Amino acid sequence: MSMIDIAALADIPREGARVVRTPQGCVAIFRTATDQVFALDDRCPHKGGPLSEGIVHGTQVTCPLHNWVFDMATGQAQGADEGRVATHAVQVRDGRILLDAARLTSRAA
Amino acid sequence: MTKNLVVIGAGMASGRMLEHLFEAAPGAFTVTLFNAEPRGNYNRLMLSPVLSGEKTYDQIVTHDEAWYEAQGITTRFGEAVTAIDREAQIVHGARGPVPYDALVIATGSAPFIIPVPGHRLPGVVAYRDLEDTNAMIDASRPGARAVVIGGGLLGLEAAAGMAARGAEVTVIHLMGHLMERQLDPAAGYLLQKDLEKRGIRIHCKGATKVILGQDRVEAVLLEDGTVYPADLVCMAVGIRPETRLANDAGLEVARGITVDDQMRTSDPAIYALGECTEHDGQLFGLVAPLYDQAKVLAATLAGDQAAFRPVQTATKLKVTGCDLFSAGDFADAPGREDIVFRDPGRGIYKRLILEGERLIGAVMYGDTADGAWFFDKIRTGADVTADRDTLIFGPAFAGGAPSDPLAAVAALPPEAEICGCNGVCKGQITRAIEGGATTLDAVRGLTKASASCGTCTGLVEQVMALTLGDGFAANANPPMCKCTDHTHEDVRRLIKSMGLKSIPAVMQELGWTTVGGCASCRPALNYYLLADWPLEYRDDRQSRFVNERNHANIQKDGTYSVVPRMWGGVTTPDELRAIADAADRYNVPMVKVTGGQRIDLLGVRKEDLPAIWSDLNDAGMVSGHAYAKGLRTVKTCVGQQFCRFGTQDSTGLGIRLEKLLWGSWTPAKVKLGVSGCPRNCAEATCKDIGIVCVDSGFQISVAGAAGMDVRETVLLLTVATEDEVCEVTAAFVQLYRENARYLHRIYKWVDKVGLDWCREQVSDPATRAALHDRFMLSQSVFQTDPWADHAARPAEWSPIADLSLRAAE
Ligand SMILES: Cc1cc2nc3c(=O)[nH]c(=O)nc-3n(C[C@H](O)[C@H](O)[C@H](O)COP(=O)(O)OP(=O)(O)OC[C@H]3O[C@@H](n4cnc5c(N)ncnc54)[C@H](O)[C@@H]3O)c2cc1C
Ligand code: SF4
Ligand code: SF4
Ligand code: FES
């Protein structure tokens, strides 16, 4: 793993998200009400909606375009919908967000 | 041969360590004990009862003169160690050096002081030792004003202690809820409520800017401009390990002094113990793991085998009457599940956090009797799958079968109370049903059961199901969402009748079954709260759908559309030029005229939004709210000014209405039309509110639609003057704002409540005036241009990091 310092945790609002641009497309970094952090591709498997703009509730996010709900830990769509978003390892250390960008920065992937 | 042991710091950890040591290896060491405080070991935890007056200092001393003497300890109290000479194995104190064979650093931690201007003024204290406690006791005369900065464990104990002595206390807390490291928002809300009940003022989301005062503190000024007068300021914002001695001596120090499993530092002759240490990347702030450290270090010094393993800790707040418990890990994380129980009537909240088959965390408020039982399950990692369904009810239910709720209700005697708020028993409800009340509303109307807090609605329905059998059709009006059994209407009613003013308050008092709601209830609650409490409630951006959060319409490819307001559909060459310039500058792929008589710039990238808004603002334009559940457009015809048929100034009236209504949030979008004569060129009669001008005045009609449903408006009132049009329209919109359920357009709502009722409300002069006033009050808060506000902080709209550049390097 190559953990890259992305930003301060405080840069993301609680129950909100910000985006990291990568050569493989945008990755959404979510922060929950209890300061848990998740990283998912910012593309809904349904029709490509930007998940970073969804409403965050608990550990789930609802896509802003057609309301599919995803578990942010697994990337799995919930309920009757089928689909999965890629997740990325992310952690918080001393108030900084570290993202595993090995897969994201390699242009070959 | 005895060895020289020197201990720096007579705190909670070192006191315990010495006890174990004298037991395990009596006579093995000659001990010298330094303490910077002018006293020996005492129970620091108990400073809070000393502050509140429940205990005296003498009662919390743990080791007295006699004990030190009996153990042959040389005490050097009131003397700080100033340096450690590792080469010579000597520590230096003010009153002379002492050689050591083994050295223990147990210096605890130092309070963190935010370096805001004024933090050195007399009257600013921390909360760590007896001196701080006495300073607060002296300052807490009845009527004195104290400000506590920091709403964590220490800050709240300080606040409660001073309040108990009669001081007027305000707590300023940076985060959204109290004790956020131990509690989730629901429990934090209940705690705040209890503290407020005892007169403590709580200001969350408050950042201290300056501590004001000439020769001593006089007041605290916050970033948001609030000023709290203060005779004393207690800063309780956190601690950091006291590592200065270790640092100077060149020991390995991360955030704390690095120790191994035997409590040894990077120098084999030196040990460290307590809050000053860091073990395996972890720091300590509670005493339980420090006692384990003390045991391990005593064994190590005595030559025995022992290894320190940090244990789980549980938190309780030592404020009488605030019953909270928190243990383990309650953060949301992969694969975790919650079990939530709320009893709003008794102010109880319990939440268990499960990972797989294990319980890993618990947060409780109001009833913490089972805390120890849960804590034990967390610590032992027991498999709880078998008891899962009844786990939250604690040991009393353990192993019992979950009961059939209907059978339980059937077993209740007639005099059993069903509705606690209104004291209605089961017998009264059965009698009402037998007397012909077959719907929930009818039962509610006759008995008042479930009419107040509503949490017994389910019980009442079960009594109805039992009494009516197949004749009972469960409430046709479905609950708001999966998080609650309440309907939208109930929630709206209860928000007002119970005075609920925050989302956590609603979720707790109305017994939400989820932790943070869902994408369906959160925006609705946010709307209800801001509509009902315009002055008190603060809009929660994270509870809004993307369009309202970003003040632009999201398009299918994730770009946005930007629509500036064109009052009444009228524009100017300058505005058109500014729009054209913006379209050029931001490479807008499509410029389109909308159905609402304005111009839409489609395909703008998110990070360009603040800049394009700012350009349009500079040209005098504001947000058109084309994205909002709020006032969208007022479509007009040219009317009297140019049209040969015009009877009134329909354009001018449209502009006036738009200026009156813009910025208001409503349950669903609201569109208006104003036509200058019955030829109706502005298509006013398929709008939410349509005004048709006639010779004698204005026909105000409502409840039209031209979407999935097409409806013609129906006449509400005919009035003579433009002023009356404005007053009636504002009053009607307010009636809608206060009563409709979220996402219902006006026509749906009018279908439910009836046009006659609406007409009664806005025809009665007093009711109309009151509605109008409440609307204007709300406008005084919400009629602001969101673009101007957000354009000022463009950084928040771009990616937080760009790794594409890094790869290109
Ligand atoms: C008001 C209050 C309430 C608390 N409530 C709880 C609670 O309910 N539950 C809980 O688990 N924990 C609680 N704590 C935390 C608990 O008190 C600490 O975890 C514990 O005291 C730490 O023990 P220690 O021995 O590491 O440090 P301390 O007890 O702080 O002892 C360190 C000692 O070292 C001395 N010292 C520092 N530098 C030098 C030097 N250079 N030379 C000589 N001496 C020096 C200091 O003067 C101090 O007396 C509370 C703390 C406070 C202040
Ligand atoms: S509605 Fe009447 S006044 Fe307005 S433009 Fe049409 S004809 Fe003229
Ligand atoms: S009519 Fe349908 S496709 Fe056209 S803008 Fe409206 S929602 Fe989109
Ligand atoms: S694009 Fe996400 S739900 Fe359709």
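Residues numbered from 1 in each chain as written. Chains lettered and ligands numbered in written order. Predicted model: local features only at pLDDT ≥ 70, side-chain atom pairs only at ≥ 80, totals over all residues. Heavy atoms only, no water.

- Going by what an unreviewed UniProt entry lists, chain B is known as NAD(P)/FAD-dependent oxidoreductase and is assigned to Paracoccus aestuarii.
- Turning to chain B, the UniProt record has this under Sequence similarities (unreviewed entry): "Belongs to the nitrite and sulfite reductase 4Fe-4S domain family."
- Of the comments in the UniProt record for chain B, the one headed Pathway (unreviewed entry) reads "Nitrogen metabolism; nitrate reduction (assimilation)." (UniProt positions renumbered as here; feature names shortened; annotations may be inferred.)

- Chain A carries the name Nitrite reductase (NAD(P)H) small subunit in an unreviewed UniProt entry, which gives Paracoccus aestuarii as its organism.

1. Some remarks on the site of ligand 1
Residues and elements named next belong to chain B.
So, step 1. Looking at ligand 1, there are 28 residues lining it, with Ala 13, Arg 128, Glu 275, Val 287 and Lys 318 nearest.
So, step 2. The contact in question runs from an oxygen atom of ligand 1 to an N or O atom on the backbone of Ala 13, over 2.9 Å.
So, step 3. With respect to ligand 1, the side chain of Glu 275 contributes an N or O atom lying 2.6 Å from an oxygen atom.
So, step 4. When ligand 1 sits alone it has 1,000 Å² of accessible area, and the protein chains cover 92% of it.
So, step 5. Mapped by element, the contributors of at least two residues to the shell around ligand 1 are helix 1 (12-24), helix 5 (153-164) and helix 8 (287-301).
So, step 6. Among the residues making up the shell around ligand 1, the classes are represented as 14 nonpolar, seven polar and seven charged.
So, step 7. In terms of domain composition, the shell around ligand 1 takes at least three residues from each of domain 1 (3-108 + 242-302) and domain 2 (111-240). (Near = heavy atom within 4 Å. Polar contact = N/O pair within 3.5 Å; in protein donor to acceptor, adjacent residues only side chain to side chain. Areas by Shrake-Rupley, 256 points an atom, 1.4 Å probe, with all protein chains shown as cover. Helix = DSSP H or I, 4+ residues; strand = E, 2+ residues; numbered from the N terminus. Nonpolar A, V, L, I, M, F, W, Y, C, P; charged D, E, K, R; others polar. Domains from an automatic or database assignment.)

2. Description of the UniProt feature "binding site: siroheme" (unreviewed entry) in chain B
Residues and elements named next belong to chain B.
So, step 1. UniProt records the feature "binding site: siroheme" (unreviewed entry) for Cys 681 in the present numbering.
So, step 2. By the secondary structure assignment, Cys 681 is in the loop between strand 33 (670-675) and strand 34 (689-694).
So, step 3. Among the residues examined, Cys 681 registers a relative accessible area of 61% and is labelled exposed.
So, step 4. Not counting the four nearest positions on each side in its chain, Cys 681 is found in contact with Cys 637 and Ser 675. (Buried < 20%, exposed > 50% of the residue type's maximum accessible area, 1.4 Å probe, protein only. Contact = heavy atoms within 4.5 Å.)

3. So, the environment of B:Ile114
Residue and element names in this part refer to chain B.
So, step 1. When you line up the elements, Ile 114 lands in the loop between strand 8 (109-111) and strand 9 (124-125).
So, step 2. The class for Ile 114 is partly exposed, based on a relative accessible area of 25%.
So, step 3. It is 8.8 Å that separates the C-alpha atoms of Ile 114 and Thr 208, two residues lying 94 residues apart in sequence.
So, step 4. With residues up to four places along the chain from it excluded, the contact list for Ile 114 reads His 119, Ile 149, Met 235 and Val 237.

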